[in-house]
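Here is what each chain is made of, one letter per residue.
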Amino acid sequence: MKYQNIIIGSGAAGLYFAAACPSGNSLILEKTGAPGQKLLLAGSGQCNLTHGGSIKAFISHYGSAGKRIRSALYKHNNQALMRFFMNQGMELLERPDGKIFPSCLDSRQVLALLLRLSKANGWQLKTNDPVTSLAVQPDGTFLVNGELKTRQVIVAAGGCSYPVTGSDGSMFPILAGLGLEITPPRPALVPVTVQDYPYQELAGISFPNAQVRIDGQLLTGPLLLTHSSFSGPAVLDLSRYARPGGLLEISYVPELTAFPETYGSRQSAAVFLAERLELPKRFVEVLLKRSSIEPGKKAASLSGKEQSRILRLLTRDTFSISGTSGFSSAMATSGGVSLDEMDLKTFACKKYPGLFVIGEALDVDGDTGGYNLQFAFSSARCAALAAGTVCEDSL
């Protein structure tokens, strides 16, 4: 069976490619029983499409890959992406933190729109059809699963995060078999686990403006305690740097430079610190016990050494990293097809010009806030321009 194009994967990148590229007799292969399962989870089901502000500010949100994907982000930036959805009748909203969502706050409507446009562009979707082999023919065409011949292949199969959605990394060995370099995948945007985690009973407590440092990388933002790990945007965005044996350093109160004056206070140390520093009392009690201080001890009777121990934990709490919560809870994948293999203006493979790799299948991972979906859409649009006739009116 001969096809003009075959897209592997029906997630955000694959469907955006199809929605942008009219193509007769072309196919989308989806390994699971339904398309867009990971897209449906984006933004907790509300679909954080991108981020507001200048596209120039995006570059720093992709780690070391940011500068390399600059041209793709500029070519189809956040403003162009928003115009695409608005031109299709989808209203958008920007939250105070800069995150862009559809006004309906429903990922299902985003998926339905992309599926409708893909179908209108002539793409046929086949579900429950995993790709198990990909071969290059002598004439430069491709053979998928030993029987599907196509002029061009677009790999949009995702990485390894949330494997139950079909994004399980199964394409990487197949691409490695073609001689492509694969950067070993690691969980990204994932909670970080540490040795001797002390906050098992404090799950749900958060700090809106904590300062977190991992492997020399520093970030200030929300921190969340779970029953077994540290989470929240400040940790998730730095999790790409987390390695077993590395150090995680936290300041729960970054503006604190000295222990609060306790003179004349009749309150217990736990109540005094909770009120004075606006911290959850349960957290303060655990912190005091970690400092070998009874929470009920009077604040005014704390010795200088005891105050120093408390201050150190509040502003420089240090843990040895044991790992992360793994791909099952990771929002993104760090690693994938090496950017060195790609023409980063078209996302065509240098070794095989008819083979395109887009989205999370590449060694690119962004911070929370819509950056990963923006790259998925930007890379898909660049590839669509190179692979076929793009419907510019819709973009």
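Since we're looking at a predicted model, the values are computed, not measured.

Working definition: two side chains of opposite charge can pair if their charged atoms are close together. A complete count under the given rule lists 13 salt bridges for this structure. The residue lysine 297 makes a salt bridge to glutamate 306 at a minimum N-O spacing of 2.9 Å. Its relative accessible area of 11% is what places glutamate 306 among the buried residues. The network of salt bridges with shared partners includes Arg240, Asp365 and Asp367.

The next point concerns the nonpolar core. If you look at the biggest cluster of nonpolar residues, it comprises 84 residues, and the most contacted ones within it are Phe17, Phe85, Val155, Leu175 and Leu355. The leading source of residues in this core is helix 10 (residues 371–387), at 10 residues. Setting aside chain neighbours within four positions, we find phenylalanine 17 in contact with Ile7, Trp123, Ile154, Ile358, Ala380, Ala383, Ala384 and Ala387. The next biggest cluster of nonpolar side chains, apart from the first, holds 43 residues, and it includes Leu202, Leu223, Phe272 and Ile293.

Applying the stated criterion across every chain yields a total of 18 aromatic pairs. With centroids separated by 5.5 Å and ring planes inclined at 45°, the aromatic side chains of tyrosine 199 and phenylalanine 283 adopt a geometry described as tilted. Highlighted residues: tyrosine 199 in the loop between strand 11 (192–194) and strand 12 (206–214) and phenylalanine 283 in helix 8 (residues 281–290), separated in sequence by 84 residues. Comparing tyrosine 199 with phenylalanine 283, the two get one shared label, buried. When the ring centre of phenylalanine 101 is taken as origin, the NZ or CZ atom of arginine 95, which lies over that ring, is 4.0 Å away.

A few words on the confidence of the model for the protein chain. Confidence in the prediction for the protein chain averages 95 pLDDT; 98% of positions are at 70 or higher. Every residue in residues 391–395 is under pLDDT 50, and counting partners more than four places away or in other chains gives 15 contacts.

The next point concerns unusual backbone geometry. With the exception of glycine, the majority of residues adopt a negative phi angle, and the majority of peptide bonds are in the trans configuration. Even without being a glycine, serine 44 presents a positive backbone phi close to 55°. Within the secondary structure, serine 44 sits in the loop between strand 2 (26–29) and strand 3 (50–51). Classification of serine 44 as exposed rests on a relative accessible area of 74%. Here glutamate 278, not a glycine, exhibits a phi torsion of approximately 55°, which is positive. You can see glutamate 278 is positioned in the loop between helix 7 (269–277) and helix 8.

On to the side chain of asparagine 121. Its location among the elements puts asparagine 121 in the loop between helix 4 (107–120) and strand 6 (123–126). There is a polar contact of 2.9 Å between the side chain of asparagine 121 and the backbone oxygen of alanine 18.

The complete set of buried residues in helix 8 reads Phe283, Val284, Leu287 and Leu288. Here the buried residues of helix 8 occupy an arc of 135° about the axis, which is enough to place them on one side. Buried residues in helix 8 make contact with strand 12, strand 13 (217–225), helix 7 and helix 9 (304–315). Positive backbone phi, approximately 60°, marks serine 292, located one or two places after helix 8.

On the basis of which strands lie adjacent, the open sheet formed by 3 strands has the order 3-5-4 and antiparallel pairing. The sheet terminates laterally at strand 3 and strand 4 (92–94), the two strands that pair on one side only. Summarising the sheet, strand 3 and strand 5 (residues 99–102) pair through 2 bridges and their orientation is antiparallel. Directly across from threonine 50, in strand 5, lies its bridge partner isoleucine 100.

So, about the state of the cysteines. One pass over the structure, following the stated rule, counts 0 disulfides. Note on cysteine 104: no disulfide assigned, nearest cysteine sulfur contributed by cysteine 47 at a separation of 8.4 Å. The closest cysteine sulfur to the non-disulfide-bonded cysteine 349 is located on cysteine 382, 16 Å from its own sulfur. By relative accessible area, cysteine 349 is classed as buried at 3%.

Thresholds applied
Residues numbered from 1 in each chain as written. Predicted model: local features only at pLDDT ≥ 70, side-chain atom pairs only at ≥ 80, totals over all residues. Heavy atoms only, no water. Salt bridge = Lys/Arg side-chain N within 4 Å of Asp/Glu carboxyl O. Buried < 20%, exposed > 50% of the residue type's maximum accessible area, 1.4 Å probe, protein only. Core = buried A, V, L, I, M, F, W, Y, C linked by side-chain atoms within 4.5 Å. Helix = DSSP H or I, 4+ residues; strand = E, 2+ residues; numbered from the N terminus. Contact = heavy atoms within 4.5 Å. Phe/Tyr/Trp six-rings, centres within 6.5 Å; stacked < 30°, edge-to-face > 60°. Lys NZ or Arg CZ within 6 Å of the ring centre and 35° of its normal. pLDDT = per-residue confidence, 0-100. Polar contact = N/O pair within 3.5 Å; in protein donor to acceptor, adjacent residues only side chain to side chain. Arc of directions from axis to C-beta. Pairing = 2+ DSSP bridges. Disulfide = S-S within 2.5 Å.

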